[in-house]
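# Structural overview for review
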Amino acid sequence: MFALELVLTESWYLVLAAMLFSIGAAGLMIRRNLLVMFMCVELMLNAVNLSFVAFARGLDDVGGQAVVFFVLVVAAAEVVVGLGIIVAIMRRRQGSTADDISLMRG
Amino acid sequence: MELVWLIPALPVAGFLLLLAVGRKLDEPFAGVIGTLAVAGSFLVSCVVALDLMSQPEEKRQFVQTLWVWMPVGSFHVDFGFLLDPLSITMCLFITGIGALIHLYSIGYMKGDPAFGKFFMYLNLFVASMLLLVLGQNLLVTFLGWEGVGACSYWLISFWFDDKANATAGKKAFVTNRIGDCGFMLGTFLVWVTIGSIDYVEIGRSAGAVVGATATAVALLFFLAATGKSAQLPLFVWLPDAMAGPTPVSALIHAATMVTSGVFLLSRLSPIMEHAGWANDVIAWVGAATALLAAGAAVAQNDIKKVLAYSTVSQLGFMFIAIGSYNYTGAIFHMITHAFFKALLFLGAGSVILAMAHEQDMRRYGNLRKYIPVTFVTVGIGWLAISGIPPFAGFWSKDEILAGAWAVDGYGPALWAVGFVTAILTAFYMTRLMIMTFFGGVENWRNPELLADAEPEVPLGADADAVEGADGTGAEATLAHAATATDTHDDHHAHDEHHGLTPDHTPVESPTTMLVPLIVLAGLALIGGLLNLPFSHRLHFLKEWIHPVIVGEHELPEAAVLWVLAIVAITGAVVGIFFAYRVYQQRKVDPAKLEKPVLAHAWYIDDTYAAVVGGPGEAAFQGAADFDAGIVDGAVLGVAHGTDAAAKVLKPVQSGIVRTYAAGVAIGTVALAVFVIMRMGF
Amino acid sequence: MRVEMFTFLIAGAIVLGGALGVVLLRNPVHNALSLVATLFGVAVLFVIQEAYFLAAIQVIVYAGAIVILFLFVIMFLGVDRIEATERDPLPAQRVVGVVAGLGILVLSIVILLAGGGEPTGQRSATAPLSDQAPDIDRLGKVLFTDYVFAFEVTAVLLTVAVVGAVVLSRRPKGDPIDLDEFPDGPAVAHLSLFVDPDDEGPADDTADAESADAESADADDVEVTS
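Residues numbered from 1 in each chain as written. Chains lettered and ligands numbered in written order. Predicted model: local features only at pLDDT ≥ 70, side-chain atom pairs only at ≥ 80, totals over all residues. Heavy atoms only, no water.

Across all of its chains, the model carries twelve salt bridges over all chains by this definition. Among the charged side chains, a salt-bridge network with shared partners connects Lys171(B), Asp240(B), Lys305(B) and Asp605(B). (Salt bridge = Lys/Arg side-chain N within 4 Å of Asp/Glu carboxyl O.)

Low pLDDT means the predicted coordinates in that region are not meant to be read closely. All names here are of chain B. Residues with a pLDDT of 70 or more make up 91% of chain B, whose mean pLDDT is 84. In this model residues 451-502 is a low-confidence stretch, pLDDT under 50, and it forms 59 contacts with partners more than four residues away in sequence or in other chains. The complex prediction reports pTM at 0.63, with the ipTM value standing at 0.89. (pLDDT = per-residue confidence, 0-100. Contact = heavy atoms within 4.5 Å.)

This next bit is on a nonpolar patch on the surface. All names here are of chain B. Residues Phe-626, Ile-630, Val-631 and Val-635 make up a contiguous nonpolar surface patch of roughly 370 Å² in combined accessible area. Looking at the element boundaries, Val-631 is found in helix α26 (residues 604-649). We classify Val-631 as partly exposed; its relative accessible area is 35%. (Patch = residues over 30% accessible without salt bridge, like charges linked within 9 Å, V, L, I, M, F, W, Y side chains within 5 Å. Areas by Shrake-Rupley, 256 points an atom, 1.4 Å probe, with all protein chains shown as cover. Helix = DSSP H or I, 4+ residues; strand = E, 2+ residues; numbered from the N terminus. Buried < 20%, exposed > 50% of the residue type's maximum accessible area, 1.4 Å probe, protein only.)

Under the 1.5 Å per step criterion, the end-to-end length of helix α3 (residues 63-92) of chain A is 44 Å for 30 residues, consistent within 8% with the ideal 44 Å. Among the 30 residues in α3(A), 24 count as buried, and that is most of the element. (Expected span 1.5 Å × (residues − 1).)

Tallying the contact residues gives twelve residues for chain C and 14 residues for chain B. For the chain C and chain B pair, buried surface summed over both sides reaches about 1000 Å², with 82% attributable to carbon and sulfur atoms. Of all residues in chain C, Gln93(C), Leu107(C) and Ile111(C) give up the largest surface area on contact with chain B, accounting jointly for 44% of the area buried on that side. The interface formed by chain C and chain B contains zero salt bridges. Here the side of chain C that touches chain B is composed, by residue class, of eight nonpolar, three polar and one charged. (Buried area = accessible area lost by both parts, 1.4 Å probe. Nonpolar A, V, L, I, M, F, W, Y, C, P; charged D, E, K, R; others polar.)

Residue and element names in this part refer to chain B. As enumerated under the stated definition, the model contains 31 aromatic pairs over all chains in all. With centroids separated by 5.6 Å and ring planes inclined at 65°, the aromatic side chains of Phe-222 and Phe-319 adopt a geometry described as edge-to-face. Taken as a pair, Phe-222 in helix α8 (residues 211-228) and Phe-319 in helix α14 (residues 303-323) lie far apart in primary sequence, 97 residues in all. Summarising the aromatic geometry, the rings of Trp-415 and Phe-419 are spaced 5.0 Å apart at their centres and angled 5° between planes, so their arrangement reads as stacked. Pair noted here: Trp-415 and Phe-419 are both in helix α18 (residues 411-437), with a separation of four residues, about one helical turn. Assessed through its relative accessible area of 12%, Trp-415 is described here as buried. Over the ring of Phe-173 we find Arg-177; its NZ or CZ atom is 4.3 Å from the centre of that ring. The cationic tip of Arg-267 hangs over the ring face of Tyr-199; the distance from NZ or CZ to the ring centre is 5.2 Å. (Phe/Tyr/Trp six-rings, centres within 6.5 Å; stacked < 30°, edge-to-face > 60°. Lys NZ or Arg CZ within 6 Å of the ring centre and 35° of its normal.)

At the junction of the two partners, chain A supplies 82 residues and chain C supplies 111 residues. Carbon and sulfur atoms supply 71% of the area buried between chain A and chain C, which totals about 9100 Å² over both sides. Viewed at the interface, chain C and chain A are joined by one salt bridge. Taking the shortest distance from any N to any O, the salt bridge between Arg57(A) and Glu4(C) comes out at 3.8 Å. The interface formed by chain A and chain C contains nine residue pairs in polar contact (both at pLDDT 80 or more). Contributions of two or more residues to the side of chain A that touches chain C are made by α1 (10-30), α2 (34-59) and α3 of chain A. Of all the elements, α3(A) adds the most residues to the side of chain A that touches chain C, at 25 residues. In terms of residue class, the side of chain A that touches chain C is made up of 54 nonpolar, 14 polar and 14 charged. (Polar contact = N/O pair within 3.5 Å; in protein donor to acceptor, adjacent residues only side chain to side chain.)

Following this line, the structure appears as structure tokens:
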């Protein structure tokens, strides 16, 4: 395999990012545990970050890395608020799953 | 001249102040604020007017644009004021008379629970009226036009506890809406034809409006004017509008608002010049209104209704002048009429107050002894409206009649109608004077006299009913008086029931009411100085508004004027004399003159009521059914359809986050498929 | 190049393995630890691509702060109560999840290959990455010039997030999210740990609650107020 002198291009990273994203998306749809669903969201965000860095390198542009920085900040804020909500819910309803919280049902 | 914005701004400020704190103020202060706001506006108007006079004639036009109101594509309307001799003249008499009537109202409305509200409306009215006359384009004028209409509605139904008052307000409002259609359609037509609704622009490019278009514009705006200025066929609201407090009748329904139609047509004189036969229509409608209303005034017993029909009649005179291209005459009569009609209304208010809100003239009589100031001032108003020189009304009415005489073709006929109307005017005003202040019989001392009488039945019939059919003339009057004196003591116990003062004696009104009366009487006396016919140098008003008016026709030469004037004076004297014979000396039974057809104003109103209440109501019911069945049905059908669709689709929103995520993911897949297909494999 | 490729493959394996761990393992603590593996792998990939600064904050912020926060909440709420025990009420959801995930993967790879495997667009639109200065210098310069507004807004965002977290997690008189308003929800008893520390043990309480599952929700309210 190494004898083929495979060149590590952006495509490799992008394929890896796509796989990571797909796993995260599937996990979000399958799992019911609120915390695990949050982790899956983090996986998807990381996949996007990975592709951004790859693009930054491919296009020789620092902007891609700057966006990753902002994604990190937003992810941190989201986790803080999201976990706060989860704690508040769990206080009232121990063992709730995402399916139980369906107040917005039509 | 830059101060012009202050003229409407001061009453607006007064209105806002009263709106904010009017309820909390003690009684006189709300009135003082309102009066000061309008008086200040009058002072500013004077300053601006003097400034304008000091300019050379061609520079007497000043446009002040406050802000851009509606920039919509090529349609561009500014909110601004047009200051020129016409608008400042209107401002002067609106604010001047307005301030006097505000002052009068402090006395008249004393003790009214809604004292502050009354002055709030009055201030808003004055502001709207100023906006109407100062507007720089048709839309600003329309804003004022609707504003005065709204204030008129509020003030007519000011004492809305009484259902009749509320109904009168609604009637005025609805009738005016018909005219407003004309205003709006006329504005649209001007916009389409000229491409601007700016008065300056209209004046500049009025030449483009010719033929049928000019006629249509003129007729549409005349329709608007018939609503606001109470002409045939829309005059029916004005007599009912007397339900409002008397100062309102004086300010709005006699002196200012009802003249706005005359003002509007004068303002549009550049278009009227090309309007062709529309001017004939205006002149003849004016003449017909003047004659019919004067006839109706002869048979009214409510003192305010006499004055109301008189106002309609005098407005008809103004439209005769407009139709005969005699704009100076129209505006001249508008001003003098504002003086003497405001005076008459305020005097009537003073009488009404003295008689404890009794408005039926059959219960008046011999009041000159008790309210002498009111008597003298109203007397001056009577001479002015009757057309006796040197009072103001003579000069303006004479100018209108002379202008009518000069019209090509049917001039003398138009003049004749006006002349007959003038005789009738003198007649019914003398009737009013005699029934109120003379007559020798103090009918108010005899409350039972008319207790059972049908209010609409004229005086003579009542007198006969009481005295028996045998007595006529002076004999009957004497017997009548004896009866009244005899029964005086017996009826004393019922006095309070009829609202008279305990000792039966009317008392003169307070000073705040008398001062406006005296000032207005002075104006009615000397108002003719504005435009004396003797020499061109005395044509102050004509020279003053000359730059604004286009296409004015000249009056006949001096010799004709003299003859016409002498004929007119003779007519007025004849009218007064005849009325004196009938009502003072009772040579003729008044019942023969006061026909029911006159008392009902030719049954025009009744016909409207019958038509609108009969076939009209059926049509309205049909429209309502159409609305409920088809329009509402469509709307509700859409609503029910949406509701049903929502019930079907509701389960999609399950509230389960994972399902939503699946939806997003499936959407992403679909999007990816779409992108791949676009890439073209 | 071979070293780079080698590193990439190992890091990629770690990333994917961690991701699968997050999705497939049952214990929330294991999920969180798998997430750490993924985040660490991504950081390594950043290093390969010479994004050293991002690699550093990836480790510090994600692995150091976010995952710790996850673990803290898991411990706080009790590991055994986090996991739902009953079967998935929506079995179709698994199928849809797997199919949609695979669909996204396959289709995005197809798009990638169809585009020639190269990113398209203007090169170095913001600033070039390949000059001699260290990457942290370049990133800092861009953040405080071109992206300064976004940068300031993130400051506001973080402040809002902190305030929101405090509001949500303090113990108010009325819950910010009152699920008892929702009548059809599972009637699960409140954890008495948060209501009254001196009460019985949490485990018993939960067992009671589950046994009293079918009882009315009123009983729960009584328990709260007592």
